[in-house]
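Listed below, chain by chain, are the residues.
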Amino acid sequence: MISIHARLALSLLIGSAVLTGAGGMWLDARVRETFEAQHDAALISRAWALANALQGDDGKIELEALHGLGAALQASQRPLYFQVWHGDGSIAGRSPTLGAANLPRLTVPVGSPCVVDVALPPEGRSGRAAGVQMELFDEHDETEGTEATLDAPAAAAVARTPIDRLTIVVAEDSRDLEAAMSTLHTSIFAFATISFVISALYLGWSLKRGLAPLTRLAESARKLEPGSLLRGIGHEELPRELAPVRDRLNELLARVHTAFAYEQRFTAALAHELRTPVAELRTCAEVALRRDDGTSDRRLHEDVLAVAMRMQGVIQSLLALRRAESGSVDIEVGRVELDALIEDVLAQHVPAAERKNVECVCSLGSGTIVRSNEELLRTVLSNLLANAIEYCPPDTRVRIAIAAAGDRVDVAVHNLAPALTAADVANMFEPFWRKDGGGSDARHSGVGLTLARSVARALGCELFAELDPRSELELRLTGLRIARD
Amino acid sequence: MKILVVEDSPMLRRSLEEGLRQAGYAVDVAGEGRDGLWRAETGGYDVILLDLMLPGLDGLVVLRELRRKQITSRVLVLTAKDTVHDRVRGLDQGADDYLVKPFALEELLARVRSLCRRGYSANQDEIQIGTMLVQLRARAVSIAGQRIELARREYMLLEYLALRRGEIVTRAEIEEHVYDDRGERTSNVVDATVARLRRKLQGSASDAEIRTLRGMGYCLDVIAT
């Protein structure tokens, strides 16, 4: 896909070219129009001056004046051409510059001079001709004809009959005008071209400078490696538009890094966790094969079964954990009698507690009913209790406390944990974490508390661990909602 | 040869104990780090199979303590940790060998044999003393090409003496290296086994003999002519 830089450059250059071209053309047209208008106005003035000079004091045409006046009206070195017609179309006179040639007789309304392009004799050079019509009146009339003629609107208002209508056409070689216009075209074209080039250069520089933060951000992202996600991208100062993008990306990268690290730890721990039972199974089978007394069958089968059960336990716990973490657990919420549930869970763990002479104490009877999923809540509580009984010292006590506040209720399990430190508490919910480092505990999957926390979250609750200075560990399930009738 | 297995998995511990006994070793076991360290310090083991992730005391700590106290037993680390970093760390702490779980029992036994030989500067699987040939791998003894039948303890004692050929071996050393916690260590068990071995060697017309050095111990070597 074309780059943003190229796309912007292309569209801005096209825009710049169109604007420069259109601007140049408009300017050219306006200047040309102005030049022509001024030229035509000058030509018309000369025609009127000629017309005024034609009328003698007695109201008759004085053609002799034309020659001298023609020379006086000539604005440049170029000759001035003029010709005068009577109202009946006969030629009243012409300038010597015409020789025997004629100018075109223009059809000119009274008071509305017109200007046209003409071919000038003898070579047919291009020229410009202005035509005016003048009415001649009898001098004995009450109104001055010349004034009426010069002032067109006033003349229209006066209802007198003219004795003649003269058509005067004055022409001039337009090469000066054409040359000036040509110079103007060239200048405007040169100006537009230079403007476009300068604009293009400026646009290139401006785009490069403007898009530099984006380029740096892209480069920073390109250099990112799977092992350096936490480093993030775009550490330099970024414009306001990009800073939120950078911040959000870095936030997501940090989460990806955490997820990667968790997955790596999890996979390594799982592989490690399964190595020992596999080693047990393999060694057990190999030793059995080496026996030569034929007595190995029953013990071998028992050992194989025990290892299989352990591996099954690990796999089931992992599957449950995955389901809980992915949110694919079906949660049907209903009314759960908390006392009865705790009593039931406690009963399951009595044999384990008795083996260690651990007393389980719980003050039931509150009659609290919560809105939750009974089976999932049982999973959480069972894991908390199993953990407490397993890791408390023998001959001690495990205490279960229920605390209601508002529409919420917490369940906390307390046990002595003299071997734990505050730093250990942070690791307790990590899969396969064990305080003593033992890696072959056949009784546990190693993900009990991890599973409990994931399930608790799926239930909309949270699970916290806290160690007090007397080395009493509290695992607290918070956020259970009390059911109202 | 006497082996200590320090492994927290009861099933693996039991299997290793049995497998090593089948292979003719005296075997003691420990299920956690502190017990393992205590046994290793006091048991005079030829080889210690040491798991790294142990309850009570970490395997690497056990290893460091053994080396600090100059316990010369060969240590084979048995662990599920398989990264290069883990191996290097184990070997740097003083392990003689490293085996990752799961492993083949045959390979484990080969490594144990190798470590046993290294302990007595023997580089091969066979020890020739005159006409007597002790085959360590096959755990068999032959004299002039004729195999002689030996009981398990008899072989273990002869192998230990053969590994220390020409050296005076005390009764206490024999007890330490040949008998484990299961063995009945009566006061004359070593003397009785040596006596049986002598009869079998003489019956096979071997030119190797086990001499008694009164008040000192035993010495296996070719009969001086």
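Residues numbered from 1 in each chain as written. Chains lettered and ligands numbered in written order. Predicted model: local features only at pLDDT ≥ 70, side-chain atom pairs only at ≥ 80, totals over all residues. Heavy atoms only, no water.

Novice: Looking at this structure, I do not really get the side chain of A:Asp164. What am I missing?
Specialist: All names here are of chain A. Structurally, Asp164 is set in strand β5 (residues 164-173). Buried Asp164, no salt bridge; nearest opposite-charge side chain is Arg105, N-O distance 7.6 Å. Within the local environment of Asp164, its side chain forms a polar contact with the side chain of His86, the two groups lying 2.8 Å apart. In this structure the side chain of Asp164 is engaged in a polar contact, spanning 2.9 Å, whose partner is the backbone nitrogen of Gly87. The residues contacting Asp164, other than those within four sequence positions of it, are His86, Gly87, Met134, Glu135 and Leu136. (Helix = DSSP H or I, 4+ residues; strand = E, 2+ residues; numbered from the N terminus. Buried < 20%, exposed > 50% of the residue type's maximum accessible area, 1.4 Å probe, protein only. Lys, Arg positive; Asp, Glu negative; His and termini not counted. Salt bridge = Lys/Arg side-chain N within 4 Å of Asp/Glu carboxyl O. Polar contact = N/O pair within 3.5 Å; in protein donor to acceptor, adjacent residues only side chain to side chain. Contact = heavy atoms within 4.5 Å.)

Novice: In this structure, what is going on with the sheet that holds strand β6 (residues 126-129) of chain B? I would like to understand it.
Specialist: Paired through their backbone hydrogen bonds, the strands of a sheet run either parallel or antiparallel. Residue and element names in this part refer to chain B. Across the sheet, four strands lie side by side as β6-β7-β8-β9; this open sheet has antiparallel pairing. Every interior strand has two partners, whereas the edge strands, β6 and β9 (146-148), have only one. Adjacent strand axes in the sheet meet at a mean angle of 25°, parallel and antiparallel pairs treated alike. Both β6 and strand β7 (residues 132-135) contribute to a ladder of four bridges, which runs antiparallel. Pairing of Ile127 across the sheet is with Val134, part of β7. (Pairing = 2+ DSSP bridges. Axes fitted to C-alpha atoms, helices over the stretch in contact; angles between N-to-C directions.)

Novice: Can you help me understand the packing of aromatic side chains in this one?
Specialist: Any pair of aromatic rings gets described here by the distance separating the centres and the angle formed by the planes. Using the criterion set out here, one finds one aromatic pair over all chains in the structure. For the pair A:Tyr202 and A:Trp205, a centre-to-centre distance of 5.9 Å together with 40° between the ring planes defines the contact as tilted. With a gap of three residues between them, A:Tyr202 and A:Trp205 both fall in helix α5 (residues 175-222), about one helical turn apart. Judged by its relative accessible area of 52%, A:Tyr202 falls in the exposed class. Its guanidinium or amino end placed over the ring of B:Tyr45, B:Lys2 lies 5.1 Å from that ring's centre, counting from NZ or CZ. (Phe/Tyr/Trp six-rings, centres within 6.5 Å; stacked < 30°, edge-to-face > 60°. Lys NZ or Arg CZ within 6 Å of the ring centre and 35° of its normal.)

Novice: What should I look at first to understand the environment of A:Thr193 in this one?
Specialist: Residues and elements named next belong to chain A. Along the chain, Thr193 falls in helix α5. For Thr193, a relative accessible area of 36% corresponds to the partly exposed category. For Thr193, the side chain forms a polar contact with the main-chain oxygen of Phe189, separated by 2.7 Å.

Novice: What exactly am I supposed to notice about the side chain of B:Asp46 here?
Specialist: Residue and element names in this part refer to chain B. Topologically, Asp46 is positioned in the loop between α2 (33-43) and β3 (47-51). Buried within the structure, Asp46 lacks any salt-bridge partner; Arg164 is the closest side chain of opposite charge, at an N-O distance of 7.8 Å. Reaching out from Asp46, the side chain makes a polar contact with the backbone nitrogen of Lys2 at a distance of 2.8 Å. Residue contacts for Asp46: discarding those within four places in its chain leaves Met1, Lys2, Ser73, Arg74, Tyr120 and His177.

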